[in-house]
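Structural features, examined
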Amino acid sequence: MSEAGSYVIEEGGIGVITVDNPPVNALGIKTRLAIAEGFERFGGDDAVKAIVLICGGRTFFAGADISEFGRPPQSPVLHEVMRIIEDSSKPVVAAIHGTALGGGYELSLVCHYRIAVPSAMVGLPEVNLGLLPGAGGTQRLPRIVGVEAALDIITGGKPIKAKQALHLGMIDALAEEGKLREDAIAFARRILAEGKPLLRVRDRNEKLEGAKGNPGLFDDYLKKNARAFRGFKAPTNIVRAIQAAVDTAPDFEAGSKRETELFRELEPSTESQAQRYYFFAERETAKIPDIGKDVPTLPIQTVGVIGAGTMGGGIAMNFLNIGVPVTLVEMSQEALDRGIAVIRRNYEGAAKKGRLTQDQVEQRMALIAPAIGLEALSQADLVIEAVFEEMGVKKDVFAKLDGICKQGAILASNTSFLDVDEIAAATGRPEWVVGLHFFSPANVMRLLEVVRGAKTSKEVVATAMALGKKIGKVPVLSRVCFGFIANRIMAKRSAEASAIILEGPSPQQVDKALYDYGFAMGPFQMNDLVGLDVIGRGSTERSVAGDLVKLDRLGQKKNGGYYDYDENRKATPSPVAAQVIADFAQFKGVQNKGPQSDADIVARLLYPVVNEGAKLLEEGIALRASDIDVAAILGYNWPVYTGGPMFWGDTIGLPKIVEGLKALGIEPSKLLLEKAAAGSTFTRS
């Protein structure tokens, strides 16, 4: 018997193959051998009339074992196992619990029928790894759900709940929760009793017929989704693979051959390598070398948030969403009422879009305890300060909290830039102080920088990291420095953008170069969106942004900024801004260097980001290069298909980065120089 499989014949001639290969029954060699053995046993046993394929542990086959990518294949490969199942002369029922994703769901598609518990989720998320479902997913799914639905499901990559999957046709029946095995066996008996046909998914072509008469469907789909697919290779290949299913039907093998060709185009691509790297990088952030599983986390049953503005309200929503009561503190009733009204408006908006029920809105709002003054926070397990970004103000708040909060309460600052150790020193309990830097809007952005002070206890750090995950964030650990990880590295991009427009390139050219690189918008578009008065707040030095503000040009919200805007906020180049830039360049004595290519602009703005990331590693601020990439991607929408600044730097070649920095008059960091000289990288072994 296989070490990962067990094989039992139940009453009525139902053979049950149970595969249990922890932790997630990935379709590695042990799992494949267990499946193949089961079908070999039951296929030749006349006592077996139908077969149920089910998994032990917490999930159905979760997907391909991507640790096998790039390694020599071991037989039986997944395609061989799938062919064994699909060619079974006996009805095969896939019994699904947990998640059937990627190769796991593709494997269920070669079974004749699929049954799932209501809590199960199915889907084909390969697009998130820069790949397409390469085991027949693009060929079989449109045959059971239709072409349009298959396009959305596979290019979207999101898991689909069992009830919706039943509606779409992705599964055939729902089992009762906790009774999957019994219900799957009963379902198999019913199939036998009713004499249902042994119809393979590959042979079902009726749902492809409509698309055959609509030759423009696939090009139209790509045009409609051009913005969402920008920079990614996988969505286009997915669309073309589904198109091949239609064009070649009923010849399933011809469509499958095209799917394989399109998969092989993607697998070695930089985009897919970057996305696969990021997949692991996001999971790696939780690992802290000196904090093992033996370090306990502290119970957080009540949270206090100081400040009901945009940031404080957004932070509060994260905890309300998971049912944790929040005491929301402001200094005036007016500010408190305004903040609570914004939270309600956000939830009502979600309800209108069908994301929440009205009951859920009311349940979450009922968890808010509004309060005037810090005294209301005396019993909170965690207090998060979200007040004005000024050291004196923050130290004053923490000194007061020290006298109000119970012993054992975690005191957190949402500071974006300031020294957490200096803030902690305002208390008599620095070991209980931590930075929790949320990114705006705090209820949406997935990045949470957990800032570990010099004296922050291991228990507090472990609790903050675990709590970040619980509220749906990706926590990235940082030591204390100005700006921490994301803001510190991206400040280099901002500084170079401000400098380069004095030398000739216009804000439009800089923004276009960064947009074409993959950012959602360029730095000057972003400045106009946020507001130039906000960007330059607190600065005493003269700057282009400051000169624009003096002309009452605050960006999109008032009179334009780097761009002019019409009533629909459509941007056009601004002669006023061009004159302000020219005047400031003259004031600074900067000479116009003439035209610069987009490639030169990208290097000028982004090479210094890579260099600053190297400094973070050198100084021990960030644990790993991959943590820096996660922070840049989640905090600043750095395009994921480049892998983030450190992966991208490795892709470009570190010697080239060093050479480029020197040409710009920027001193490369010691670590960057060492790695470039050694021919090594930051992110690849």
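These figures come from a predicted structure and were not determined experimentally.

Across its full length, the protein chain holds 30 helices and 19 strands. Against the globule reference of 26 Å for 685 residues, the protein chain gives a C-alpha radius of gyration of 28 Å, in line with a compact fold. Seen along its three principal axes, the alpha-carbon backbone of the protein chain occupies a region of about 90 × 60 × 55 Å. Every one of the 685 residues in the protein chain was classed for burial, and the buried ones make up 53%. Carbon and sulfur atoms provide 53% of the accessible area of the protein chain, an area that totals close to 29800 Å².

Two faces belong to every sheet, and in a regular strand the side chains alternate between them. The alternating pattern of strand β10 (residues 303–306) places V303 and V305 and G304 and I306 on opposite faces, both of which are buried. Once the chain exits β10 it traverses helix α14 (residues 310–320) before rejoining the sheet at strand β11 (residues 326–330), and the crossover so formed is right-handed. Both β10 and strand β13 (residues 382–385) contribute to a ladder of four bridges, which runs parallel. Counted as the bridge partner of V303 is L382 from β13.

In this section: the nonpolar core. Core analysis: the largest hydrophobic core is formed by 87 residues, its most contacted members being I85, L107 and L141. When sequence neighbours within four positions are dropped, the list of residues in contact with I85 reads I35, F39, L53, V92, L107, V110, C111 and H112. I501, Y517, V602 and L672 belong to the second-largest nonpolar core, a separate cluster that totals 64 residues.

We now examine the domain arrangement of the protein chain. Domain annotation of the protein chain identifies domain 1 (5–266), domain 2 (303–484) and domain 3 (504–588). Domain 2 and domain 3 are separated by 32 Å when their C-alpha centres are compared.

With that settled, consider the pattern of salt bridges. All told, the structure shown has 41 salt bridges when counted by the stated rule. With its nearest N and O atoms 3.6 Å apart, the salt bridge here joins D172 to R114. Remark: R114 occurs in strand β6 (residues 113–116) and D172 occurs in the loop between α6 (162–168) and β9 (173–174); sequence separation between them is 58 residues. Taking the relative accessible area as the measure of exposure, D172 reaches 32% and is therefore partly exposed. Looking at R114, the relative accessible area reads 0%, which means it is buried. Put simply, R446 and E282 hold a salt bridge, and the shortest N to O gap is 2.8 Å. Of this pair, R446 sits in the loop between β15 (433–438) and β16 (447–452) while E282 sits in helix α13 (residues 270–284), placing them 164 residues apart in sequence. Here R446 falls in the partly exposed class, since its relative accessible area comes to 37%. Here the residues in one salt-bridge network are R83, E86, R140, R202 and E253, joined through shared partners.

Along an α-helix, residues three or four positions apart point the same way, because every turn accommodates 3.6 residues. Over its twelve residues, helix α27 (residues 625–636) extends 16 Å from the first C-alpha to the last, a length consistent with the 16 Å expected when each residue adds 1.5 Å. In terms of burial, α27 is largely enclosed, as eleven of its twelve residues are buried. The complete set of buried residues in α27 reads A625, S626, D627, I628, D629, V630, A631, A632, I633, L634 and G635. On its buried side, α27 packs onto α13, β16, β17 (474–479), α20 (486–500), α26 (598–618) and α28 (645–652).

Spatially, β12-β11-β10-β13-β14-β15-β16-β17 is the arrangement adopted by the eight strands of the open sheet, whose pairing is mixed. Each edge of the open sheet carries a strand with a single partner, namely β12 (368–372) and β17. Strand after strand, the sheet turns through a mean of 25° between neighbouring axes, direction not considered. When β11 meets β12, the two strands line up parallel, connected through five bridges. Looking at β12, one finds that V326 is bridged to I368. Packing against the sheet, α14 makes contact with β10, β11, β12, β13 and β15, and its axis sits at approximately 170° to β11.

Considering all chains together, one arrives at 17 aromatic pairs under this definition. An aromatic cluster of three or more residues is present, and its members are Y517, F519, Y607, W638 and W648. Residue placement shows R684 over the ring face of F647; its charged tip is 4.1 Å from the ring centre.

Here we take up the UniProt feature "domain: 3-hydroxyacyl-CoA dehydrogenase NAD binding" (unreviewed entry) in the protein chain. UniProt feature "domain: 3-hydroxyacyl-CoA dehydrogenase NAD binding" (unreviewed entry): in the numbering of this structure it lies at residues 302–478. When the span residues 302–478 is considered, its composition is 41% helix and 22% strand, and the gap between its end C-alpha atoms is 25 Å.

On to the sheet that holds strand β3 (residues 50–55). What the six strands build is an open sheet, ordered β1-β2-β3-β4-β6-β9; its pairing is mixed. On the outer flanks of this sheet lie β1 (5–10) and β9, each paired with one strand and no other. In this structure, strand β4 (residues 92–96) lies alongside β6, joined through four bridges in parallel fashion. What sits directly across from A94, in β6, is R114.

Rules behind the numbers
- Residues numbered from 1 in each chain as written.
- Predicted model: local features only at pLDDT ≥ 70, side-chain atom pairs only at ≥ 80, totals over all residues.
- Heavy atoms only, no water.
- Helix = DSSP H or I, 4+ residues; strand = E, 2+ residues; numbered from the N terminus.
- Rg over C-alpha atoms; globule rule 2.2 N^0.38 Å.
- Buried < 20%, exposed > 50% of the residue type's maximum accessible area, 1.4 Å probe, protein only.
- Areas by Shrake-Rupley, 256 points an atom, 1.4 Å probe, with all protein chains shown as cover.
- Right-handed = clockwise from strand over helix to strand, strands pointing away.
- Pairing = 2+ DSSP bridges.
- Core = buried A, V, L, I, M, F, W, Y, C linked by side-chain atoms within 4.5 Å.
- Contact = heavy atoms within 4.5 Å.
- Domains from an automatic or database assignment.
- Salt bridge = Lys/Arg side-chain N within 4 Å of Asp/Glu carboxyl O.
- Expected span 1.5 Å × (residues − 1).
- Axes fitted to C-alpha atoms, helices over the stretch in contact; angles between N-to-C directions.
- Phe/Tyr/Trp six-rings, centres within 6.5 Å; stacked < 30°, edge-to-face > 60°.
- Lys NZ or Arg CZ within 6 Å of the ring centre and 35° of its normal.
- UniProt positions renumbered as here; feature names shortened; annotations may be inferred.

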